[in-house]
Amino acid sequence: MTDVKRFSNGSRVPGWDEAVDLEKDPATVPDAATTEVPAQLRAHIEELVVRYPDKRSASIPAMAAAQEVHGWMSPTAFEQVAAVLQVTPAFLVSVASFYDMLDTQPYGSRRVYVCTNISCSLRGGRELLGRLQESLADAEDVQVRPFECLGACDIAPMASVDGVYVGPIEDAEVGTLAEQIRAGADPLPDKQLVKRACADPNAASTS
Amino acid sequence: MSRTLIFKDIDEPGLATIDVYRRRGGYGDVLRKALQTPHEALVNDLKASGLRGRGGAGFSMGTKASFLPQGKMDKFLVCNADESEPGTFKDREILQKNPHLLIEGMIIAAYAIGANKAFIYIRGEYTQQADVLEAAVAEARSAGVLGSLDLWVHRGAGAYICGEETALLDSLEGKRGNPRLKPPFPANQGLYQGPTLINNVETLATIPIILTLGAEEYAKIGVQGSTGTKLVSVSGNVQRPGNYEIELGVSSREIIYGLAGGPADGREVKLWFPGGSSSPVLTKDDLDLAYDFDTLAKAGSMLGSGAIIVVDDSNSVVDVCLWLAEFYRHESCGKCTPCREGTNWTVKMLERIQQGVATPMDLDIMASVQEQIIGNCLCVLGDAMAMPVGSMVKKFREEFEDHLERARLANPLAGDQPPVVDPVLIQGAVA
C-alpha cells in the first residue's frame, strides 16, 4: 500500500495542534507609508492597477511582478504587494496558493516546468522530467517540476525554461539542456518553439 | 481538404507587427465598414455565418452575443486565451504569429455588443506569446485603431480551471479561480457584475474573416451545422504533430493520417481523443467519422477545442487513463465535492489497478464514480475527467481486466487469493 504522508504531529492535515491565537491582532492592511517597497515594483504595480475598474484585479499580475523581484512569494513579498494594493496579505496568500506559478515556498527562483500531460507522456515527457530532475538535483536555485499541459504538444516532449519553450527534447540533448539551465544560458536555441513554423509537413518523426 | 483562412501566410515574417498586418489588408475597409454598421446587423451577420464557439462548447457565437442586454451600462468583452485543455495549442499560434487578427476581431465584437472595456486573459505560461500580444496591443493603441476601446492583456498564473468562463472571470477579478453558479450567465452578470461576452481566441479571430468573405459566403464553407474552418491541434503518437486548418466535415482519417502522418510505421491507432483530453475517446473504428460538431456528438464524443490526441497500440490504456485522471485531480479547484473527491478516488482506484490490489468489481465502482460526477458540479471539470475515463473503461474493459489480473499476479503481496474488498464499497456499486 502507498504510504500516507503525515505531518510530524501524526496528522494528515497541517495545523492540527495549533489553536487559533485569540490574542493576535486580526489581519490588517499594511501601512502604505511605512512599508518599504522597491520603487520599481511599486511603480509597476501602480501601473497595473489603473487598467482595472477594481484594484483587486491586479493581484495576480502584481504578485507575479513581486515574485520576479523576490524569487518567490515570501512573507515580505506579500507584505509589499498588500501595501501597494491596500488589501490584507491574507487575501493575497489565499489567491497565490491557488495558482501553480506563484510559489509560497522558496523552491528556486529559476523555473523549469516539464509537461507531463498525455501528449508529452506518450512521447517520453515523464522520462525527461526524471532525467532533468536528476541532473539538476544539486542546482539550488533551479526548480524542476512537472506541470499541467503547457500547450505545446507539437514539440513533445518539451519543457519551459523560465518561460522559454523548448522541444522536442531528444534523449541525447538532456545533458546539454541541463548544463545550459545551470549556466543560465539560452536553452537549446535551435529547438525553441518561437522559431518553429506552424505545421511543418517535413518535420521528422521523433516517436 | 485544408483551406487556410486564419493560417493564411501565418509564417510570414513580421506578421505580428501592425505594418505587415496592414499591408495584408488588416485594419482596413472591413473594420471601417463594420464600425459603421448598426450593432444588431453585425450580431445578425455573426449569427448568419453559423460560427460556433471554438473554445470547446461549440455554442453559436452570434446567439451568445445577442444575449447581452442593450443599454448604457458598463459591458465587457473578454477573450479567453487561457488555452490549457491538454492537447490544445491552436490559439498559441494566433497569439504569437497573428495577434492583430485577434485584436481586430475584438474591436468589432466589442463594438457589436457595445462594450468599451476588453481584456485578453492569457495563461501565465505563455510568456513569450503574451509579450508579443502586449506589444501588438500597444502598437494598435498608438496607431489609433482601438478607438474608444480600452483593451488590456491580463496574464494568469497557471490554473487549468481558469479556462472555464466563470472561473476566468473570478480570476480576472483577482480571486481564486472558482467557477460560479449559472445562471446568471456572464451575458447578464459577468465581470464586475456587468454584462460580459466571453469568447475563445480562435472565435474572435474569425470575425474579421467572416466580414471579409461575407457571412453567407462563410456559411458555405464546411457542412450544415458546422460552418467554416477549424484549427486542429494534432498531437501524441503521430509523425507530424502540429496545427492544421481544416474545413469542418472532412474525415478524421484524413486529418490523422493525411495531414499528421498517422502513427509511426508498424503501429496503428488504438484510441484517439477528438477534442482535447476531456472528450470521450474514440477507437480506430471511428476514424472515418466526419470531423464536425454534430457528427462527433452523435458518435458519443465531442469536437471540443479541436485537439486530436492520438494514442497508438504500444501504449497501455490504463497508463493513459491514470495520466488523465492525475491531471484532473491536480486541477480540480475543490469547490464541488463530486469533482474534488471523484477525481481523487479515480486516481486511487487506477493506482490500485496498477499495483495489483484491485478486482474487476473496482472497474464497476470506478464507472459508477464517473456517473455520479457528471452533471453534479458547477462546472464541467469533473465531467471532463469522468467522460473520457468512463468511455475508456467501457470500450477497453477487457484490457483493464487483463492488466488488473497481470498486475495482481505480479504483486507478491496479493497471493493467489483475490484481494479482500470492503463490502460497503461493493454495496455502493450495485445501484
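In this text, all values refer to a predicted model and were calculated from it rather than measured experimentally. (Residues numbered from 1 in each chain as written. Chains lettered and ligands numbered in written order. Predicted model: local features only at pLDDT ≥ 70, side-chain atom pairs only at ≥ 80, totals over all residues.)

Some thoughts on helix α2 (residues 59–70) of chain A
Here's step 1: Over its 12 residues, α2(A) runs 16 Å from end to end, which matches the ideal 16 Å to within 8%, given 1.5 Å per residue.
Here's step 2: Across the 12 residues of α2(A), 10 count as buried, placing the element largely inside the fold.
Here's step 3: What α2(A) keeps buried is the set A:S59, A:I60, A:P61, A:A62, A:M63, A:A64, A:A65, A:A66, A:Q67 and A:H70.
Here's step 4: The inward-facing, buried residues of α2(A) contact α1 (39–49), α3 (75–85) and α4 (89–96) of chain A together with β3 (150–155) and α8 (165–172) of chain B. (Helix = DSSP H or I, 4+ residues; strand = E, 2+ residues; numbered from the N terminus. Expected span 1.5 Å × (residues − 1). Buried ≥ 20, exposed ≤ 12 C-beta atoms within 10 Å, placed from the backbone. Contact = placed C-beta atoms within 7 Å.)

So, the sheet that holds β3(B)
All names here are of chain B.
Here's step 1: With respect to topology, 4 strands assemble into an open sheet ordered β3-β2-β1-β4, the strand pairing being parallel. Strands at the two margins of the open sheet, each flanked by one partner only, are β3 and β4 (196–200). Pairwise comparison of adjacent strand axes, ignoring direction, gives a mean angle of 20° for this sheet.
Here's step 2: Examined bridge by bridge, strand β2 (residues 117–122) and β3 share 6 bridges and lie parallel to one another. Bridged to Y121 within β3 is H154.
Here's step 3: Set on the sheet, α8 makes contact with β1 (76–81), β2, β3 and β4; between it and β1 the angle comes to about 110°. (Pairing = 2+ DSSP bridges. Axes fitted to C-alpha atoms, helices over the stretch in contact; angles between N-to-C directions.)

Focus: the interface of chain A and chain B
Here's step 1: Listed by partner, the interface residues are 43 residues for chain A and 54 residues for chain B.
Here's step 2: Only α2, α4, α5 (118–121) and β4 (164–166) of chain A provide two or more residues apiece to the side of chain A that touches chain B.
Here's step 3: The biggest single contributor to the side of chain A that touches chain B is α2(A), with 4 residues.
Here's step 4: Tallied by class, residues from the side of chain A that touches chain B come to 25 nonpolar, 11 polar and 7 charged. (Nonpolar A, V, L, I, M, F, W, Y, C, P; charged D, E, K, R; others polar.)

Notes on the nonpolar core
Here's step 1: If you look at the biggest cluster of nonpolar residues, it comprises 155 residues, and the most contacted ones within it are A:V81, B:V78, B:M106, B:I255 and B:W272.
Here's step 2: It is helix α6 (residues 99–113) of chain B that contributes the most residues to this core, 11 residues altogether.
Here's step 3: Not counting chain neighbours up to four residues away, the residues in contact with A:V81 comprise A:I45, A:A62, A:M63, A:A66 and A:L92.
Here's step 4: A:V112, A:C115, A:A152 and A:M158 belong to the second largest nonpolar core, which has 29 residues in total. (Core = buried A, V, L, I, M, F, W, Y, C linked by C-beta atoms within 7 Å.)

What about the sheet that holds strand β2 (residues 142–147) of chain A?
Residues and elements named next belong to chain A.
Here's step 1: Pairing within the open sheet is mixed, and its 4 strands lie in the order β2-β1-β3-β4. The two strands at the open ends of the sheet, each matched to only one other strand, are β2 and β4. Between one strand and the next, the sheet's axes are offset by a mean angle of 25°, whatever the strand orientation.
Here's step 2: Taken together, the 3 bridges between strand β3 (residues 159–161) and β4 define a ladder with antiparallel strand orientation. Paired with S160 across the bridge in β4 is Y165.
Here's step 3: Its contacts with the sheet place helix α6 (residues 125–135) against β1 (110–115), β2 and β3, and it is angled at close to 155° to β1.

What to know about unusual backbone geometry
Where the residue is not glycine, phi is negative for most of them; where a peptide bond is considered, it is trans in most cases.
Here's step 1: Cis geometry marks the peptide bond from A:A156 to A:P157; its omega dihedral reads -5°.
Here's step 2: Tracing the backbone through its elements, the reader meets A:P157 in the loop between β2 and β3.
Here's step 3: Here the residue pair A:G167 and A:P168 is connected by a cis peptide bond, since its omega of -10° sits within 30 degrees of zero.
Here's step 4: Here A:P168 lies in the loop between β4 and α7 (174–183).
Here's step 5: With a phi angle near 45°, B:Y192 is a residue other than glycine that sits in the positive phi range.
Here's step 6: In this fold, B:Y192 is placed in the loop between α8 and β4.
Here's step 7: For B:Y192, a count of 16 C-beta atoms within 10 Å translates into the label partly exposed.

Any functional reading would require information beyond the geometric quantities listed.
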